[in-house]
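Listed below are the residues making up each chain.
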Amino acid sequence: MKIRELLKDDFPTLSFEFFPPKREGNIDSLYLAINELITLTPSFVSVTYGAGGTTRDKTVEIASKIKNDFGQEVLAHLTCVQSTQDDIAEILGDLKEHNIENILALRGDPPGDDKVFMKVEGGFGYANELVEFIRSHDQFSIGVAGYPEGHIEAPNLDTDIVNLKRKVNAGADFIITQICFENDSIYHFRDRARSLGIEAPIIAGIFPIFNFKQIQKMTTLCGATIPSNLERSLSRVSEKNEEIEKYGIEYAIRQSEDLLKNGISGLHFYSMNKSSHVIKIVEELSIPKGG
Ligand code: FAD
């Protein structure tokens, strides 16, 4: 089913994100985590597309297994990195052949040690061009990335939201947000988007913290901030990962409850291919469901 149809219901979506493991040996534990998380009856799960297009075949293979073997609705991520229009057309063909109806259309980060994103000849420079291309090709439902604190390369939030609007105008049906620990930033982003004429549903990306160093690294890379009260609390709890994880679970529950109360269109959990902490969070939430 297309995610744009799921979002027509007046109920928030629930979704989980997975990434194709680098080592082939870890594929079984990925499928185990997916099988455990789909017992929570998510609206869809998503599979990322590795930096530099490195997981192209794996993304399609895993998304196909989720959709066709596990019977779970899926969203396949796709980036413009090092791909020509012909390459993208081929991937769209693969996705269609595997019955995959939803794509998260992204530009991607500059590959390798490059600091600036350079489009390849015959490729795309920005995600809005990819959205337009997908829209002209087939009837996929298309999601795009949104940045409550602004994308790291953008001069300011409003400029970034104007660029987000290009993606929606090109045919994106919904927006999934980058990691953000401060709901006020998400609400401000949503208000600014609405005031600039973006009506597409906004699904909040939730990152359950279970490792302090990892979260510091990730937020530095993507330009998200760790609010000072969260940073203080995390450094107060012990160095032990179990205690960090316990705190991260409580924080994610509080953050998600507040988002649900404030009418968010969906909760998208960055699972990091682990199930236990996400299960503990979702079991505590009362997510309204249709039917
Ligand atoms: P764009 O929307 O193209 O924006 C990139 C920058 O250019 C922004 O600063 C924007 O303001 C500016 N801009 C946009 N359009 C224009 C224009 N027409 N003219 C001038 N400036 C413009 N990366 C992966 O490699 N694989 C993944 O699977 C993946 N999944 C993600 C999932 C989510 C939910 C999110 C939030 C991010 C994900 N990313 C992924 C990261 C993403 O690829 C990076 O954040 C990347 O740097 C930007 O991608 P984008 O699609 O937002 O780019």
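Residues numbered from 1 in each chain as written. Predicted model: local features only at pLDDT ≥ 70, side-chain atom pairs only at ≥ 80, totals over all residues. Heavy atoms only, no water.

1. Details of the nonpolar core
Here comes step 1: One finds F16, L78, I134, L267 and F269 to be the most contacted residues of the largest nonpolar core, which totals 70 residues.
Here comes step 2: Ranked by the residues each element gives to this core, the list is headed by helix 2 (residues 27-37), at six residues.
Here comes step 3: Counting 15 residues, the second largest nonpolar core, distinct from the first, contains F207, A224, L230 and Y270. (Core = buried A, V, L, I, M, F, W, Y, C linked by side-chain atoms within 4.5 Å. Buried < 20%, exposed > 50% of the residue type's maximum accessible area, 1.4 Å probe, protein only. Helix = DSSP H or I, 4+ residues; strand = E, 2+ residues; numbered from the N terminus.)

2. A word on helix 7 (residues 183-195)
Here comes step 1: Taking 1.5 Å of rise per residue, the 13 residues of helix 7 would be expected to cover 18 Å, and the 18 Å separating its terminal C-alpha atoms lies within 8% of that figure.
Here comes step 2: Looking only at helix 7, the buried set comprises N183, I186, Y187, F189, R190 and A193. An end-on view of helix 7 places all buried positions within 160° of arc, on one side of the element.
Here comes step 3: In the core, the buried residues of helix 7 are packed alongside strand 5 (141-146), helix 6 (157-169), strand 6 (174-177), strand 7 (202-206) and helix 10 (241-261). (Expected span 1.5 Å × (residues − 1). Arc of directions from axis to C-beta. Contact = heavy atoms within 4.5 Å.)

3. Details of the site of the ligand
Here comes step 1: Neighbouring the ligand are 24 residues; Y49, D109, Y147, D160 and K167 lie closest to it.
Here comes step 2: The contact in question runs from an oxygen atom of the ligand to an N or O atom on the side chain of D109, over 2.6 Å.
Here comes step 3: In the complex, the protein chains occlude 88% of the 980 Å² of accessible area that the ligand would expose alone.
Here comes step 4: Put simply, the parts of the chain that give the shell around the ligand at least two residues each are strand 3 (74-79), strand 4 (102-106), helix 5 (127-137) and helix 6.
Here comes step 5: No other element matches the four residues that helix 6 contributes to the shell around the ligand.
Here comes step 6: Classifying every residue of the shell around the ligand gives 10 nonpolar, eight polar and six charged. (Near = heavy atom within 4 Å. Polar contact = N/O pair within 3.5 Å; in protein donor to acceptor, adjacent residues only side chain to side chain. Areas by Shrake-Rupley, 256 points an atom, 1.4 Å probe, with all protein chains shown as cover. Nonpolar A, V, L, I, M, F, W, Y, C, P; charged D, E, K, R; others polar.)

4. Notes on the sheet that holds strand 1 (residues 13-18)
Here comes step 1: Strands sit in the order 1-2-3-4-5-6-7-8 around a closed barrel of eight strands; the barrel is parallel. Each strand of the sheet is rotated relative to its neighbour by a mean of 25°, with strand direction disregarded.
Here comes step 2: Taken together, the four bridges between strand 5 and strand 6 define a ladder with parallel strand orientation. Among the inter-strand pairings, A145 is bridged to a residue of strand 6, identified as I176.
Here comes step 3: Strands strand 3, strand 4 and strand 5 of the sheet are contacted by helix 5, whose axis makes an angle of about 150° with strand 4.
Here comes step 4: Of the strands in this sheet, strand 5, strand 6 and strand 7 touch helix 7, which is tilted by about 155° from strand 7. (Pairing = 2+ DSSP bridges. Axes fitted to C-alpha atoms, helices over the stretch in contact; angles between N-to-C directions.)

5. Remarks on the environment of R190
Here comes step 1: Relative to the elements of secondary structure, R190 occurs in helix 7.
Here comes step 2: Sequence separation between R190 and G146 is 44 residues, and the spatial gap between their C-alpha atoms is 9.7 Å.
Here comes step 3: The contact partners of R190, leaving out residues within four places of it in the chain, are I202, N262, G263 and I264.

6. Points about the packing of aromatic side chains
Here comes step 1: This structure, assessed with the given rule, holds seven aromatic pairs.
Here comes step 2: Relative to Y251, the ring of Y247 lies with its centre 6.4 Å away and its plane at 35°, an arrangement referred to as tilted. In this pair, Y247 and Y251 are both assigned in helix 10, four residues apart and thus about one turn of the helix distant. One exposure class covers both Y247 and Y251, and it is buried.
Here comes step 3: The rings of F181, Y247 and Y251 are connected pair by pair, giving a single aromatic cluster.
Here comes step 4: In this structure, K65 packs its charged tip against the face of Y31, placed 5.2 Å from the ring centre. (Phe/Tyr/Trp six-rings, centres within 6.5 Å; stacked < 30°, edge-to-face > 60°. Lys NZ or Arg CZ within 6 Å of the ring centre and 35° of its normal.)

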